[in-house]
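Next come the chains, spelled out residue by residue.
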Amino acid sequence: MNRRRLTAFLPVFVSLLLALVSGVVLFNGLIISNLVSFIINTGLDQQRAQLIAALIMTAGAALLGGAGGRRKVGAMLGAGSMFSFGYLTAFIQSELQPFRDPGGILEPLNSGALLYTAGEMVALALLSAFVGAAVGKALGEVVLDPPYWLLRLTWQRYGPVRVRKIMQRNEAMASAHATHTPSVKELFGSWLGTLIMLSLILFASGSSEFFIYAPDNGLHTPPLLHTKSGPVHGTIVQDEVVSPALNMQKRSFLVYLPPSYNTVQGREKRYPTLYLLHGSPGGERDWFSAGKADQSADTLIALNKMPEVILILPDGNGRAGTTSEWGNSFDHRQNMETFVALDLVRYVDQKYRTIAQAAYRGIGGLSMGGFGAMNIAVHHADVFGFVISLGGYYRAEGSIWGENAAYLRENSPLDVLPTNKGAWKLHMYIGVATKDQPYYSDSKQFVQELDRLHIPYHLDIQSGFHSWIVWQTQLYNAFLWLHWERRQLARTMV
């Protein structure tokens, strides 16, 4: 009985040991750092690249463990342990360090969110390990079994008599085990394994934000700031507008109303407006969920470092299978630029207490939204007086422009600005990150063009990647840069 148990446990132990050894090798600094660098070069930031690389290494360790020992459970446990030691521990330690907003104010850690995030990461790692172990086991059967059985048959025929008898007895035991009816205990274990896998899938289903935004998104709470009247925070509401430019589609958008908007003191007041465009892939909530636009506005308003402002976050997703580029498509079946600059602005000015002047209206965005903000502002300098482009590009790209070279130039700020002197009055804020290619080079080329044309601008260069941590800082800085006329704001009443 003890020998049978040992025989059954040995492959599990071999799988576990092989996965651990493989994990030590794969999580080696040089190997994983090279993989992280490769992933970063595809356009991701360091945080997401590190998580993806760790999951790949976990799957690789489980594959080797499954191939050598043929037991998925052992391979999963070994690979999952290496994920915890090789990535998760360092991630938790980094999040336990004091974290401050771009202005240096401490943001408290949400311990519950960190614990839940760690659980989601473990679930992801075990699912990755399961895939790797399953592939490894199948690979072992195809690649390793033929030479193994050839060697075994040779040994059985020509090896010592005593060894041959032991091998024959072990084969008889294995054959009996393979044909016996499963016991209640074995059935229970099988159903338990199924339940565990379903639980892992369910638990990991909410982890998409790790890859859309960043693994640490939402782990720290906003600073607690008070004024004489108490805590200061704005209100976020959802709205929608029917857009003639988009063939009478209903387009949803989010609105940040500043702290005084719904108060007795503020009911006669009007406010400047800033439109914030998301990137691709993305959605209307991105600037709140990952960009902390509302949090930064709350903080700076409470500190009296920026006037109160209304923020508008529209949805710029277009036809399936292509990015909208926040532009008017070549066939004019999707006029996203007109939707923003005319339909949305008109609706917002009619419904909310805005200052309906270009001098008190700005537009900004990141990546595709950075391009869209600059393209729209250059075309509509009579609508927007301020433009914020973060991690953007300045020549039209994508299929929505068609094959018309002239239309591509019409929607490329680099090509439009030299002849469109009406746009030279725009107040421009350009944000770039040193390790964000090709956007860093695109932005440097654009500011060189602005220098040549003697168009003033503000350049914000941060150390980092194409990531939300950079855009959070740059938007915070851009809020400080926005120079609405305070005297005019003070006397602007209904």
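Just so it is clear, the structure is predicted and the values come from calculations on it, not from any experiment. (Residues numbered from 1 in each chain as written. Predicted model: local features only at pLDDT ≥ 70, side-chain atom pairs only at ≥ 80, totals over all residues. Heavy atoms only, no water.)

A. Local environment of the environment of Gly369. With respect to the secondary-structure elements, Gly369 resides in helix H13 (residues 368-379). Remark: the alpha-carbon pair of Gly369 and Gly391, spanning 22 residues in sequence, is separated by 8.9 Å. In this view, Gly369 contacts Leu277, His278, Gly279, Trp326 and Gly364; residues no more than four positions away in its chain are not counted. (Helix = DSSP H or I, 4+ residues; strand = E, 2+ residues; numbered from the N terminus. Contact = heavy atoms within 4.5 Å.)

B. Main features of the sheet that holds strand S4 (residues 249-257). Sheet architecture is open: eight strands sit in the order S3-S4-S6-S5-S7-S8-S9-S10, paired in mixed fashion. Strands at the two margins of the open sheet, each flanked by one partner only, are strand S3 (235-243) and strand S10 (458-462). Averaged over all pairs of adjacent strands, the angle between strand axes in this sheet comes to 20°, irrespective of strand direction. Sheet analysis places strand S7 (residues 361-366) next to strand S8 (residues 386-390), joined by five bridges and oriented parallel. Counted as the bridge partner of Gly365 is Ser389 from S8. Where helix H12 (residues 336-351) meets the sheet, its contacts fall on S3, S4, strand S5 (273-277), strand S6 (310-314) and S7, and the angle it forms with S3 comes to roughly 120°. With respect to the sheet, H13 is in contact with S5, S7, S8 and strand S9 (427-433), its orientation differing from that of S7 by roughly 150°. (Pairing = 2+ DSSP bridges. Axes fitted to C-alpha atoms, helices over the stretch in contact; angles between N-to-C directions.)

C. Region of the structure containing H12. With 16 residues, H12 extends 21 Å between its outermost C-alpha atoms, agreeing within 8% with the 22 Å of an ideal straight helix rising 1.5 Å per residue. Its maximal kink placed at Leu344, H12 deviates by approximately 30°. Of the positions making up H12, those classed as buried are Met336, Glu337, Phe339, Val340, Ala341, Asp343, Leu344, Val345, Val348 and Asp349. Those residues of H12 that are buried lie in contact with S3, S4, S5, S6, S7 and H13. (Expected span 1.5 Å × (residues − 1). Bend = angle between axes of the 7 residues up to and from the residue. Buried < 20%, exposed > 50% of the residue type's maximum accessible area, 1.4 Å probe, protein only.)

D. The arrangement of unusual backbone geometry in detail. In this model, Ser280 is joined to Pro281 through a cis peptide bond whose omega is -5°. Among the structural elements, Pro281 can be located in the loop between S5 and helix H10 (286-289). Omega for the bond connecting Gln437 with Pro438 falls within 30 degrees of zero, at 5°, which places this linkage in the cis form. For Pro438, the position within the fold is in the loop between S9 and helix H16 (439-452). Positive phi outside glycine occurs at Asn304, with the angle close to 60°. Residue placement: Asn304 occurs in the loop between helix H11 (293-302) and S6. Located in the positive-phi region is Ser367, a residue other than glycine, with phi close to 55°. Inspection of the secondary structure assignment puts Ser367 in the loop between S7 and H13.

E. Highlighting the nonpolar core. By size, the foremost hydrophobic cluster in this structure holds 53 residues, and its most contacted members are Ile363, Leu417, Met428 and Phe446. If near-sequence neighbours (up to four positions away) are discounted, Leu417 is found in contact with Val378, Ala423, Trp424, Met428, Phe446, Leu450, Leu453 and Ile455. Counting 39 residues, the second-largest nonpolar core is a separate cluster that includes Ala118, Ala125, Leu127 and Phe465. (Core = buried A, V, L, I, M, F, W, Y, C linked by side-chain atoms within 4.5 Å.)

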